[in-house]
Amino acid sequence: MIQISLFFLVLLFSFSSYSQTPSKEFTWPGGRTLAISLSYDDALNSQLDHVIPELNKHHFNASFYVVANSPVLNVRMEEWRAVANAGHELGNHSVYHPCRGSLADRDWVEMHHDLDHYSVIQMIEELAVANTLLKAIDGKTERTYTVPCGDLLVGSNLLGDGKEYLNDIDHLFTAIKGQGDDKRFSPILYPEGQNGEQLIEYVQKLSSDILLINIIFHGVGGDYLSVSSEAHAELLTFLADNRELYYVDSYINLMRYANSIL
């Protein structure tokens, strides 16, 4: 899984472009205008060791997008079950984390996990299996999804230009992170190596049009695509000290709320 860093290095500090979609005036609970979705991808040891204690300390709910074949999920299953019981979301990040091997710097993609060789039906079945596994862990039937590598096309080597598959999996999920018609909910930050001050500055300087920022971490104080435990802790302390400004919750809770209002 560490080879994935080659892709995300390119996406560092990138986020989806947005244009405000006309709709009724929207605020989060308490009249707050910006929500923060703290997310953690791939089911890593450092997330259990360093992230969960810090989140629980501040009583923040976050989202953990689990790759179903992660050895950390297998070995530390009861700890992941405890994560869900504490109020955090276990989200779908596929079974095998398939990515497009034909893109630049994708030599690490194994052929049998190469999205260029997938069919839409194969992707639907893989995500449905991942949902079933997650249900066995936390008992829940509702999920959100984060797209592995941000790759939206399947079957490029089989179908020429490939086929975008998100419309075919909508029925499996309440929301797909960073996707949707209202781009005020779409910006994504992939931190790697930033200190706490830089992470805080990013939040403070967001456009006032943005309603939700998705901060997707990988390693924290270890593993890959990492930030330090200190930087992560500084960000969470800042958010806790400014609860009147920022609404922090799991992505599924945030999107349930947004869907009920819009």
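Residues numbered from 1 in each chain as written. Predicted model: local features only at pLDDT ≥ 70, side-chain atom pairs only at ≥ 80, totals over all residues. Heavy atoms only, no water.

Q: Outline the state of the cysteines, listing residues and values.
A: Linking two cysteines covalently through their sulfur atoms gives a disulfide. Inspection of every chain in the model, using the stated rule, returns one disulfide. Disulfide pairing is shown between C99 and C149; the S-S distance is 2.0 Å. Classification of the bridge connecting C99 and C149 rests on its S-S torsion, roughly 80°, and on that basis the disulfide is right-handed. With C99 in the loop between β3 (89–92) and α5 (120–138) and C149 in the loop between β4 (144–145) and β5 (153–154), this residue pair connects regions lying 50 residues apart in the sequence. The class of C99 is buried, set by a relative accessible area of 1%. For C149, a relative accessible area of 1% corresponds to the buried category. (Disulfide = S-S within 2.5 Å. Helix = DSSP H or I, 4+ residues; strand = E, 2+ residues; numbered from the N terminus. Buried < 20%, exposed > 50% of the residue type's maximum accessible area, 1.4 Å probe, protein only.)

Q: So what's going on with the pairing of strand β2 (residues 63–66)? Residues and values would help.
A: In summary, the side chains of a regular strand alternate between the two faces of the sheet. Residue alternation in β2 divides its side chains into two sets, S63 and Y65 and F64 and V66, and both sets are buried. Here strand β1 (residues 34–41) pairs with β2 via three bridges, running parallel. The residue bridging S39 from the neighbouring strand is S63, located in β2. The parallel pair β1 and β2 is bridged by helix α2 (residues 45–58), and the resulting crossover is right-handed. (Pairing = 2+ DSSP bridges. Right-handed = clockwise from strand over helix to strand, strands pointing away.)

Q: Now, about the pattern of salt bridges: what can you tell me, with residues and values included?
A: When the charged atoms of two side chains with opposite charge come close together, those side chains can pair. Scanning the model with the defined rule gives eleven salt bridges in all. Salt-bridge contacts for R76 lead to E79; the nearest nitrogen and oxygen are separated by 2.7 Å. For R76, a relative accessible area of 16% translates into the label buried. Where salt bridges share partners, they join D49, R76 and E79 into one cluster. (Salt bridge = Lys/Arg side-chain N within 4 Å of Asp/Glu carboxyl O.)

Q: Summarise the pairing of strand β9 (residues 212–217); cite the residues concerned and give the values.
A: Here β9 lies mainly inside the structure; six of its six residues are buried. Neither face of β9 is left uncovered, since the one carrying L212, N214 and I216 and the one carrying I213, I215 and F217 both have all their residues buried. With six bridges joining them, β1 and β9 adopt parallel strand pairing. Each residue of the ladder has a partner; that of S39, found in β9, is I216. Two strands pair when backbone bridges link them, and strand β8 (residues 188–189) and β9 are joined in this way by two bridges, in the parallel orientation. Of the residues in β9, the one forming a bridge with I188 is N214.

Any link to function would need more than the numbers given here.
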